[in-house]
Structures are given as structure tokens and as C-alpha cells.
Amino acid sequence: MKELFKRLNLKVDVENKFWETAYKKAVLEPDIPFFITQDFVKNIQEKYSVLPKNYGILLSAIKQIQCNADLCLLSKILYHLLFLKIGKKRIFAGFELPKAPKGAENTLAYDLFSVFPIMAHIPKSFALLEQKGVEKEICSRSHCQLDTCISEASEKYNKPCFTTEFFMCYRAFIYLNVLRIGRFRFEVIKKSNLNAYAFINNLGEVKILMHGITLNKNGNVLGNPGCLDEQGSFVAKVYQDDNYFYGHSIDESTCLVDNNSIKLDKKDWQIIYQPNDAIIEVHIPFDESFDDEYCQKSYEKAREVFKKCYPEYEFKCFATSTWFFAPVLQKVLKQSSNIYKFRQKYNRFPAKCSGLDVFNYVYKINPKAYAEVNFDGLAEDNSLKKGLKEQLKKGEFVYEFSGLFKF
């Protein structure tokens, strides 16, 4: 295995017992795995219809992958590792998919081989979803996310590919934890780690109290872009006695944290979310409109599906983290816009973030830091891009904040 890793320049702990076990299985199997064949891919598409856009390019990559013994062996190892339902850090810590040798004229085999071990799990995953009572249309749409990931990666890197970030992301789909229902992808999080408690009173009003995180003097997370000054910083923590909950609440106009602690009377307020609760995390594909009615129906359908098909969990809230929740968008969005309406559904609060998602998703560039961005060169071919560009040039940051609402 060490020699394989060396040839592919893989940075994986070679003493990792999971990789060692998978390797021992892989070397005993045929050189060309069953899932890197045209017959297999054609059968997957005919039976499950999960490759509406990238079916052809995957077929064209098969012969090149078959001619690369190292990629075939690594594909088999990944196939066995994907059976393991344990945290990715225990298996894939530091893992990066191998890149084609420098100067290679055709890189298609390296760029797409990692799709195939994932595809090999679709039949079993599809069957298990149906056993749980998930509707066939939802099963199919959920696994079409593989095709969407290929398209998103290809757009991001300007060539047909399936990179490490998308490979890691898609692992969750194999384990029945992510379903595409209507407008969104909904992921089961068994034990959540949001840095907040949420409370509701008899009037249905929700109050967020931050917990277990350090804020700067302005109420943003210390360490976020533009939030490095430790002077005046404070640690937010929720605690309680017999009569009250205590903690630092959110200024609803800015979504930043108030430095002054408040108390909530237990007679009036009850907890609807606390860290480690089971939640549904909402992921936002960019392949459909944000029509408000469609979004609301998607939440309603998700609530129905997860209550029926995942009764083993007591879900407390829907939650997500996104640049849509950045405070600066209040200066950009019209109240009639669908993104504005999407924001209003959630009780928003600061989160640890890079502030770079806006460049990835809006401007289609991939900077490592704000200092790398030429703000003058940003596109402004629609009102959102233009408005964000104006704010960025003024020194504003577009933070990825979190938000939740009751399940």
C-alpha cells in the first residue's frame, strides 16, 4: 500500500487500519472493478436515472481509468471505505484525491475516477431508502445530487471533474442522511454543534442565546474576517437557575450578539434547541429559483418525510449556515426579493466562518482570503452582484451566519 500511495502522491496515514483492511480486500479482487465498466454505468442510468447531465462524459472516462492500474486499485479501496458509517476524520483525515502527473495531456481518468466507487453504492442505498418508506421520486432526486456535484465541480474548475471536496460531501448521501426534497437538500444531523440555545414563548416568539463561543466587542465571532481584535471580547455561555435562563442574546436588527447578558423567565420561555440535539440541516442547491411558496412547501414536505421515515430521531429544528444571512445583505436586498424572504424564515446569529462563500457562489472565483480579491474586477451583471460589490469595496464583509427555526 505504501508504494501505491507513493506512486499517486497520496497523503494518507498508511498505518490507518481502515485503509489497510480496505487495501487487503481490494488486491484480492479483479484488476478492473465491476463498477468501472460501461455495462454497470448504463445499468445504473437505466434503472435509477441519476445522471441527467454527465452520463456521456462518465462513459468516455471509463477506458482511460481501466488502463490505469493504480487508479483502479485506489477506486476499489475507496469503494470498501465507503461502507464504513463512521466519522470522516477517522478515515479521511488529510486525504486529497490524487492529481494527474504534471504535463499530462489528458487528465480525465484522474479527474473523474472517484465518481465510480460512489456510484457502486447507489443500488444498495436506493433500496434502503425505499425500505425506510422514502418515496421513489425523492430517492431518485436525492441521488441525482451526484450528477449535480459533478456539474458544480466542473463549473468551478473549468473542466469535467469530481474533486475531493465533492467526494467528501457526497459520502453523506450514501448513508441515507441527505434527501433532496423540493427546493433543498435536507441532512440528518444526529448530534448538532450550533453555538446557541433557542427558546420560544407562548406567543411563538423565538429568542437565541449564544453559547460556548468567543465574540468580539461588536458581537461577531472573534477570528472571523475583520474580527481579530481581542480587546473587549467576551465569552457567551448559557446557564440557568430554578427560575431563569441567562445568556447573551441577538440584536434582531443586526444579528450580532449583545454584550449585556439577559435573563428569560422559565414560566414564559422553553428550550426548543440546545447543542447536541438532532436537527435537519438545510443545504441550498443553486439549480432552481427561490420562489417563496415553493420553499415553504419544501419545508412542509421535509417535515412530513423525516417524521415518517426517521422516527428514531426527535428533530428540534431546521438549521443552516449561509452567506444569505450576512448582515450586509440588509443594505443590498429588497424586501420583495426571494432571498430576503428566505432569510426572514430563520432566526439568525453569528457563526465561525471564512466569509469567502460569496466569492465562490456569486462571482465564481476561489480566493483563499479577502486580500487576494480584486474588488474592482468583480462582475456586476445583476443587481445582487452590483450591490455586494459596492459593499465589499467599502470594506464590508459577507459573513456566513447561521440560522434556525422550529422543526
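Residues numbered from 1 in each chain as written. Predicted model: local features only at pLDDT ≥ 70, side-chain atom pairs only at ≥ 80, totals over all residues. Heavy atoms only, no water.

A. Structural view of the overall build of the protein chain. On a plain count of helices and strands, the protein chain comes out with 16 helices and 14 strands. Relative to the globule expectation of 22 Å for 407 residues, the C-alpha radius of gyration of the protein chain, 23 Å, shows essentially globular dimensions. Each principal axis of the C-alpha distribution contributes one length, and for the protein chain these read about 65 × 50 × 45 Å. If you take every contact in the protein chain between residues at least 6 apart in sequence, the share linking residues at least 24 apart comes to 70%. (Helix = DSSP H or I, 4+ residues; strand = E, 2+ residues; numbered from the N terminus. Rg over C-alpha atoms; globule rule 2.2 N^0.38 Å. Contact = heavy atoms within 4.5 Å.)

B. Seen up close, the sheet that holds strand β14 (residues 401-406). Ordered by their spatial adjacency, six strands build an open sheet running β1-β2-β11-β12-β14-β13, and the pairing between neighbours is mixed. The outermost strands of the open sheet, each flanked by one partner alone, are β1 (178-181) and β13 (347-349). This sheet shows a mean twist of 30° between the axes of neighbouring strands, independent of strand direction. Both strand β11 (residues 279-283) and strand β12 (residues 317-322) contribute to a ladder of two bridges, which runs parallel. Considered in β12, the bridge of Ile280 is made with Phe318. (Pairing = 2+ DSSP bridges. Axes fitted to C-alpha atoms, helices over the stretch in contact; angles between N-to-C directions.)

C. Inspection of unusual backbone geometry at higher detail. The phi angle at Asn9 is positive, at roughly 55°, despite the residue not being glycine. Relative to the elements of secondary structure, Asn9 occurs in the loop between α1 (2-8) and α2 (17-26). Residue classification places Asn9 among the exposed positions, given a relative accessible area of 60%. Unusually for a residue other than glycine, Cys255 sits at a positive phi of about 65°. (Buried < 20%, exposed > 50% of the residue type's maximum accessible area, 1.4 Å probe, protein only.)

D. Layout of the environment of Phe186. Its place among the elements puts Phe186 in strand β2 (residues 184-189). Along the chain, Phe186 and Ala109 lie 77 residues apart, while their C-alpha atoms are 31 Å from each other. Excluding residues that lie within four positions of it along the chain, Phe186 makes contacts with Asn177, Val178, Leu179, Ile181, Ile280, Glu281, Val282, Ser298, Tyr299, Ala302, Phe306 and Phe318.

E. A look at the pairing of strand β4 (residues 206-210). Counting buried positions along β4 gives four out of five residues, so the element sits mostly inside the fold. Counting the residues in the hairpin turn of strand β3 (residues 196-201) and β4 gives four residues, including Gly204, whose phi is positive at 85°. The pairing of β4 with strand β8 (residues 244-251) spans two bridges and is antiparallel. Bridge assignment links Leu209 to a residue of β8, and that residue is Ser249.

F. Broad picture of the state of the cysteines. In total, this model carries zero disulfides according to the counting rule given. Looking at the unpaired Cys149, the closest cysteine sulfur is the one in Cys169, lying at 4.9 Å. A relative accessible area of 2% places Cys149 in the buried class. Cysteine Cys317 shares no disulfide, and the gap to the nearest cysteine sulfur, in Cys255, comes to 16 Å. (Disulfide = S-S within 2.5 Å.)

G. Layout of the packing of aromatic side chains. Applying the stated criterion to the full structure yields 48 aromatic pairs. Residues Trp19 and Phe92 carry aromatic rings whose centres are separated by 6.0 Å and whose planes lie at 80° to one another, so their mutual orientation is edge-to-face. Taken together, the positions of Trp19 in helix α2 and Phe92 in helix α6 (residues 88-92) put the pair 73 residues apart, joining distant regions of the chain. Judged by its relative accessible area of 0%, Trp19 is buried. Ring geometry for Phe325 versus Phe342: centroids 5.9 Å apart, planes at 15°, classification stacked. With a gap of 17 residues between them, Phe325 in the loop between β12 and α14 (338-344) and Phe342 in helix α14 connect regions that are remote in the sequence. Just as Phe325 is buried, Phe342 falls in that class too. Note that Arg303 overlies the ring of Phe407, its terminal NZ or CZ placed 5.8 Å from the centroid. (Phe/Tyr/Trp six-rings, centres within 6.5 Å; stacked < 30°, edge-to-face > 60°. Lys NZ or Arg CZ within 6 Å of the ring centre and 35° of its normal.)

H. Structural view of the pattern of salt bridges. Throughout the structure, instances matching the rule amount to 17 salt bridges. For the salt bridge of Lys159 with Asp111, the shortest nitrogen-to-oxygen distance reads 3.3 Å. In this pair, Lys159 is assigned in the loop between α11 (145-157) and α12 (164-174) and Asp111 in helix α7 (residues 108-112), connecting sequence segments 48 residues apart. Put simply, Arg141, Arg180, Asp287 and Glu288 are held in one network by salt bridges that share partners. (Salt bridge = Lys/Arg side-chain N within 4 Å of Asp/Glu carboxyl O.)

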